[in-house]
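# Residue-level structural notes
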Amino acid sequence: MLYSDAQLFKQFSRAIKWNMAGRVKIFGLLLFSICALSSAAQIPEAVYSSRIRSVQLYPYGNQLGYPIIRLGGSDQLELHFDDLDADLKNYSYTYQLCNADWTPAMLSHFDFIKGFSQTRISAYRNSSMALTRYTHYQATLPDRNCVPSRSGNYILKVFLNGDTSRLVFTKRMLVIQERATVGAQVQQPFNGLYFKTHQKIQFNVNLNDGVDVMNPQQQIKIAILQNYRWDNALTGLRPTFFSRRTLEYNTENDALFPSGKEWRWVDLRSFRFQSERVADAKYSNTGTEIFVRTDGERTQQRFNFYRDSNGFYALGPSENINPLWQSDYAAVHFSFAPQGNQPYAGKDVYLFGALTNYNLGESAKMAFNSEKGVYETSLFLKQGYYDYMYVTVDANDPKKAASFETTEGNLWETENEYMILVYYRPLAGRADELIGIARLNSLVRR
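In this report, the structure presented in the accompanying data block is examined. This structure is a prediction, so every number in the text was calculated from the model and none was measured.

What the four strands build is an open sheet, ordered β1-β3-β8-β7; its pairing is antiparallel. At either end of the open sheet lies a strand with only one pairing partner, and these are β1 (52–59) and β7 (123–126). Across the sheet, the mean angle from the axis of one strand to that of its neighbour is 15 degrees, orientation sign disregarded. Pairing of β1 with strand β3 (residues 77–83), which is carried by six bridges, proceeds in the antiparallel orientation. The partner of isoleucine 52 across the bridge, within β3, is aspartate 83.

Tracing the chain through its elements places threonine 94 in strand β4 (residues 91–98). Overall, the relative accessible area of 5% leaves threonine 94 in the buried class. Only 2.4 Å separates the side chain of threonine 94 from the backbone oxygen of serine 117, close enough to count as a polar contact. Excluding residues that lie within four positions of it along the chain, threonine 94 makes contacts with His109, Ile113, Ser117, Gln118, Ile155, Leu156, Lys157 and Phe159.

Of the strand pairs in this sheet, strand β20 (residues 278–283) and strand β21 (residues 288–292) are connected by five bridges, and their pairing is antiparallel. Counterpart to aspartate 280 in the pairing with β21 is phenylalanine 291. Counting the residues between successive antiparallel strands, the hairpin from β20 to β21 contains four residues.

Moving on, we get to the sheet that holds strand β15 (residues 229–235). The strand order across the open sheet built from four strands is β15-β14-β29-β30, with neighbouring strands paired in antiparallel fashion. Only two strands of the sheet have a single neighbouring strand rather than two, namely β15 and β30 (433–441). Taken over all neighbouring pairs, the strand axes of this sheet differ in orientation by 25 degrees on average, direction set aside. As paired elements, strand β29 (residues 417–424) and β30 share eight bridges and run antiparallel to each other. Across the sheet, the residue bridging to tyrosine 423 is leucine 434, located in β30.

If you look at the biggest cluster of nonpolar residues, it comprises 54 residues, and the most contacted ones within it are Leu174, Trp230, Leu268, Phe334, Leu355, Met419 and Leu421. Per-element tally for this core: the top contributor is strand β28 (residues 384–394), with six residues. Leucine 421 has contacts with Leu174, Lys221, Ile222, Ala223, Leu225, Trp230, Leu434, Gly436 and Ile437, leaving out every residue within four places of it along the chain. Within the second largest apolar cluster, 29 residues are counted, among which are Ile52, Val55, Leu107 and Phe169.

In this structure the tally under the stated criterion is three cavities of 30 Å³ or more. Of the pockets and cavities examined, the largest cavity occupies roughly 60 Å³. Residue lining of the largest cavity: Ile201, Phe203, Leu237, Arg238, Tyr249, Asn250, Thr251, Asp254 and Ala255, and that is the complete set. Considering only enclosed or pocket space, the second largest cavity measures out at about 50 Å³ in volume. Around the second largest cavity, the lining residues are Lys261, Glu262, Arg298, Gln301, Phe303, Asn304, Tyr306 and Leu411. Counted by class, the lining of the second largest cavity contains three nonpolar, two polar and three charged residues.

Take arginine 179: it is sitting in the loop between β11 (163–176) and β12 (180–187). When residues no more than four places from it in sequence are discounted, the contact partners of arginine 179 are Leu207, Asn208, Gly210, Val211, Tyr424, Glu433 and Ile435. A polar atom in the side chain of arginine 179 sits 3.1 Å from the side chain of glutamate 433.

This part covers the side chain of serine 92. One can find serine 92 in strand β4. Judged by its relative accessible area of 5%, serine 92 falls in the buried class. When neighbours within four sequence positions are excluded, serine 92 is seen to be in contact with Gln118, Thr119, Arg120, Ile121, Lys157, Val158, Phe159 and Gly162.

Below, the discussion takes up the pattern of salt bridges. Applying the stated criterion to the full structure yields 21 salt bridges. Its salt-bridge partner being arginine 51, residue aspartate 85 comes within 2.9 Å of it at the nearest N-O pair. Taken together, the residues span a long stretch of sequence, with aspartate 85 in the loop between β3 and β4 and arginine 51 in the loop between α1 (5–40) and β1 at a distance of 34 residues. The partly exposed category is assigned to aspartate 85, whose relative accessible area is 37%.

A few words on unusual backbone geometry. Following leucine 141, the chain continues to proline 142 via a peptide bond in cis, the omega torsion being -10 degrees. With respect to the secondary-structure elements, proline 142 resides in the loop between β8 (135–141) and β9 (146–148). In this model, asparagine 227 sits at a positive phi of 55 degrees, which is unusual for a non-glycine residue. Along the chain, asparagine 227 turns up in the loop between β14 (220–226) and β15.

Rules used in this analysis
- Residues numbered from 1 in each chain as written.
- Predicted model: local features only at pLDDT ≥ 70, side-chain atom pairs only at ≥ 80, totals over all residues.
- Heavy atoms only, no water.
- Pairing = 2+ DSSP bridges.
- Helix = DSSP H or I, 4+ residues; strand = E, 2+ residues; numbered from the N terminus.
- Axes fitted to C-alpha atoms, helices over the stretch in contact; angles between N-to-C directions.
- Buried < 20%, exposed > 50% of the residue type's maximum accessible area, 1.4 Å probe, protein only.
- Polar contact = N/O pair within 3.5 Å; in protein donor to acceptor, adjacent residues only side chain to side chain.
- Contact = heavy atoms within 4.5 Å.
- Core = buried A, V, L, I, M, F, W, Y, C linked by side-chain atoms within 4.5 Å.
- 1 Å grid on protein atoms, 1.4 Å probe; cavity = no way out; pocket = protein on both sides within 12 Å on 5 of 7 lines; lining within 4 Å.
- Points joined across faces, edges and corners; volume = space filled by probe spheres on them.
- Nonpolar A, V, L, I, M, F, W, Y, C, P; charged D, E, K, R; others polar.
- Salt bridge = Lys/Arg side-chain N within 4 Å of Asp/Glu carboxyl O.

See the structure below:
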């Protein structure tokens, strides 16, 4: 069959259109898949700039508190951080609503932020009376022009020059609308394997009127935090009993936490006065080095209670007036001596606590010094009082949780803070709501 030039041109045009339409469809499907995968990824709490130090987000006036505000309430949070470039930059912040598992909620900013979607950080001050030059930035949240309008998990994003892709750091915070009450207590496990080393959480949740639950296993989610840590939070718990508006969680092996020990500490509020935990210090015109006394294993140490901050730290000098911009920095050297001064086979050792943001990154990883027989690492820290511990991670499987078992040991009697979070998603809801919270201490028996 012969075709004219016009007919051939028409057939060729149709083929191109079909081919382009198919490619557009395929590209659209790929783009949708990529967006779906990226939106399903958890947003970490991290610092993305090596020049940013001492990032803190806490309840107003309480450095040792966790950042939680009530929806529509008057609660406020303090945000603080230092920029070692010691110049003036244009920092802003925004909020990202997340689900219970810290994946971004599939909602527009207009659905969870009232007012402007971002706010500039306008309060700053250059350091003074310190060898280390830095600019201190601070803000009080929420700003009246940028307020979270839904309850749930939020990521606070701080970024440069109004560009949200230029992230500087992220911090987690919680917004709660109390629509449930939680009764809980810490118990000693009955199981002989965990009797001396773990703590068990038993609790129940009472839902208020208006919280309609048809399927509690899907609509209600629980997260239990030990000392406000998310790296070992217990999730995915299922109720053992559900009756109308009451959910009971009382299983022997689910809500169990290794007890750990009381946190180690170092007092760095003064660089001139060497506290009990400081072995030596070096001073120069350009900076200060602090050498913390070498720590040893505590696995065989009997229970010894003393008041600690459960892994947190509080910044502030003991000799200057203002802790925000009159505190200095020092290179602080930590060392840990394993038993027999021999490295752990197949295990990496990390310095652990809020001072490392509970992250198992390279800055917290300790290197073994074969000449001294100790693990060593250094951090650049601001004057303050710090809690810390040492943990091990399987070198062949770094995704495994950090463990105190080899370096610190676990004792049932250890004082720990626990927080139980209750999330609820309506049947047609597109995000998890935070509706209940309980905080309890292992030393307070009910």
